[in-house]
Amino acid sequence: MTDTMSPREDTHELLRFATAGSVDDGKSTLIGRLLFDSKALFDDQWDAVEAVSAGRGDEYTDLALLTDGLRSEREQGITIDVAYRYFSTPERKFIIADTPGHIQYTRNMVTGASTADLALILVDARKGLVEQSRRHAFLCSLLRVPHMVLCVNKMDLVDYDEAVFKKIENEFKAFATKLEVPDLTVIPISALKGDNVVNRSENMPWFQGTSLLHHLEKVHIASDRNLVDVRFPVQHVIRPHSSDNHDYRGYAGQIASGVMKPGDEITVLPSGFTSRIASIETADGPLEEAFPPLSVTVRLEDELDVSRGDMLCRPGNQPRVSQDIEAMVCWMDEARPLRVRGKYAVKHTTSDVRAIVKDVQYQLDVNTLHRDETVNELGLNEIGRVTLRTTKPLLCDDYRRNRATGGFIIIDEADNRTVGAGIIV
Ligand SMILES: Nc1nc2c(ncn2[C@@H]2O[C@H](COP(=O)(O)OP(=O)(O)OP(=O)(O)O)[C@@H](O)[C@H]2O)c(=O)[nH]1
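Residues numbered from 1 in each chain as written. Predicted model: local features only at pLDDT ≥ 70, side-chain atom pairs only at ≥ 80, totals over all residues. Heavy atoms only, no water.

Turning to the overall build of the protein chain, a few remarks are in order. In terms of helices and strands, the protein chain carries nine helices and 23 strands. In the protein chain, which comprises 425 residues, the proportion classed as buried is 53%. Here the protein chain has roughly 19700 Å² of accessible surface; of this, 48% comes from carbon and sulfur atoms. (Helix = DSSP H or I, 4+ residues; strand = E, 2+ residues; numbered from the N terminus. Buried < 20%, exposed > 50% of the residue type's maximum accessible area, 1.4 Å probe, protein only. Areas by Shrake-Rupley, 256 points an atom, 1.4 Å probe, with all protein chains shown as cover.)

Residues spaced three or four apart along an α-helix face the same direction, because each turn holds 3.6 residues. Burial analysis of helix 2 (residues 27-37) places ten of its eleven residues in the buried class, the great majority of the element. Among all positions in helix 2, only Lys27, Ser28, Thr29, Leu30, Ile31, Gly32, Arg33, Leu34, Leu35 and Asp37 are buried. Two residues or fewer after helix 2 comes Lys39, characterised by a positive phi angle close to 60 degrees.

Confidence in the prediction for the protein chain averages 84 pLDDT; 85% of positions are at 70 or higher. Segment residues 1-12: pLDDT under 50, and 16 contacts once partners within four positions in sequence are set aside and those in other chains are kept. Contacts from residues 70-80, a stretch scored under 50 in pLDDT, to residues over four places away or in other chains number 14 contacts. The ipTM, which scores confidence in the relative placement of chains, is 0.96 for this predicted complex, and the corresponding pTM is 0.73. (pLDDT = per-residue confidence, 0-100. Contact = heavy atoms within 4.5 Å.)

This next bit is on the pairing of strand 15 (residues 320-331). Both strand 15 and strand 21 (residues 383-396) contribute to a ladder of ten bridges, which runs antiparallel. Of the residues in strand 21, the one forming a bridge with Cys330 is Ile383. Judged from the five bridges that link them, strand 15 and strand 23 (residues 417-424) form a sheet pairing that is antiparallel. Within strand 23, the residue paired with Ala327 across the bridge is Ile424. (Pairing = 2+ DSSP bridges.)

Let's shift gears to the layout of surface pockets. Volume-wise, the second largest pocket comes out at about 460 Å³. Lining the second largest pocket are 19 residues, with Phe138, Leu142, Glu180, Met328 and Arg400 positioned closest to its centre. Among the elements of the structure, helix 6 (131-142), strand 18 (351-364) and strand 23 are those that each provide at least two residues to the lining of the second largest pocket. For the lining of the second largest pocket, the element with the highest residue contribution is helix 6, accounting for three residues. Counting contributing residues, the lining of the second largest pocket receives three or more from each of domain 1 (14-224) and domain 3 (320-424). (1 Å grid on protein atoms, 1.4 Å probe; cavity = no way out; pocket = protein on both sides within 12 Å on 5 of 7 lines; lining within 4 Å. Points joined across faces, edges and corners; volume = space filled by probe spheres on them. Domains from an automatic or database assignment.)

Moving on: the pattern of salt bridges. If you walk through the whole model with that rule in mind, you get 20 salt bridges. In this structure, the salt-bridge partner of Arg401 is Asp229, at a minimum N-O distance of 2.7 Å. In this pair, Arg401 sits in the loop between strand 21 and helix 9 (403-406) while Asp229 sits in the loop between helix 8 (212-218) and strand 7 (232-233), placing the two residues 172 residues apart along the sequence. The class of Arg401 is partly exposed, set by a relative accessible area of 49%. Between Arg314 and Asp264 there is a salt bridge, with its nearest N and O atoms 3.8 Å apart. Of this pair, Arg314 sits in the loop between strand 14 (311-313) and strand 15 while Asp264 is found in the loop between strand 9 (250-254) and strand 10 (265-269), placing the two residues 50 residues apart along the sequence. (Salt bridge = Lys/Arg side-chain N within 4 Å of Asp/Glu carboxyl O.)

Structurally, Asn153 is set in strand 5 (residues 147-153). Using a relative accessible area of 3% as the deciding quantity, one classes Asn153 as buried. If we skip the residues at most four places from it in the chain, Asn153 touches Asp25, Gly26, Leu122, Val123, Asp124, Ala125, Ile189, Ser190 and Ala191.

Shown next, in the form of structure tokens:
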């Protein structure tokens, strides 16, 4: 069975999740606890953390030290915003996009959540929902993260009181119904003491659900991927470079959605040329069938003029080809607001274009979901509906249908910084 396991099964073993929450809600401690209790830690890492904690006279070993060490290195760097951490259990492999909770870091949260299967939002049981929890939940729904878990942390500090948990749970659920959250689970935990993180808590017998890790292991993600619309943005054209394989030409990239097979008829956009798939190749050999998020090289039966940024799709099922883009944009630039007539670079799938802001239709208040139509700019962390005109057509779908071809980032060309994230509506 293992010999013939298809890549489809293989990729579905992997769960990507992003953490969110405000400062000091306990994200680092929670990740440390997950790694520790699931025995994903190396002994020497544990010894080092215990020694530091004992040296400080902590009552409990400070699991946050496990992640904070890495984080301080990261915050000095300017390019790496999100730390990715890997661990596995016999059930599944996990990639955690760990993002610091400070308000300035909405950008990181967006980066981490845009590829996540699941978002884990933490709140401190003593504080309940804060503006930041609502903002993060809103962004996760905007980014269409298919699964959301709200962890009510620090339950040990409220005597594991069911009433405290219920109040937060009800308040969050009321807010979530205004958003589109397809799947929400709420779990009371203590990251510090380990309640309901990996092991079920004996301190909260009133809670009928499973532990966080159990949920992460079991949550069904196979059906979240779009296997219907073939979208293969070409990242790189592999041209012949020696005389003996002069007819070799392959198109390398990552499958954004859909299933591709040799023999399938293909249209190349924007040119509109058609051909058939001759073969699909990977470093491990040719494939009979390929689906997202595999990176592959596709060869076609005909020699066509294809370049980076072009897209392979099926003749009867094509993305929109448009220079006028309607999008919800989350603005992340501390220095300058997004303005009407502002010019930016836009990165969408594998293509880079330039764009001008035609209109800011409204700004959205993430707490009340009220639309303010009087504005004509978006400041730091503000979210609004924007109309853009690009210099070249984008090959795009609604984000709702396709996260890969429906999302883009906005770059300030002056200093090459990511200043916004957009989803096409
Ligand atoms: N009593 C109690 N304290 C906790 C719990 N989880 C975290 N803490 C404490 O809360 C403080 C903040 O925890 P961190 O894990 O550093 O918080 P964080 O969310 O990673 O913070 P940032 O990295 O600044 O975003 C630390 O002193 C932790 O020991 C918990 O379940 N119970």
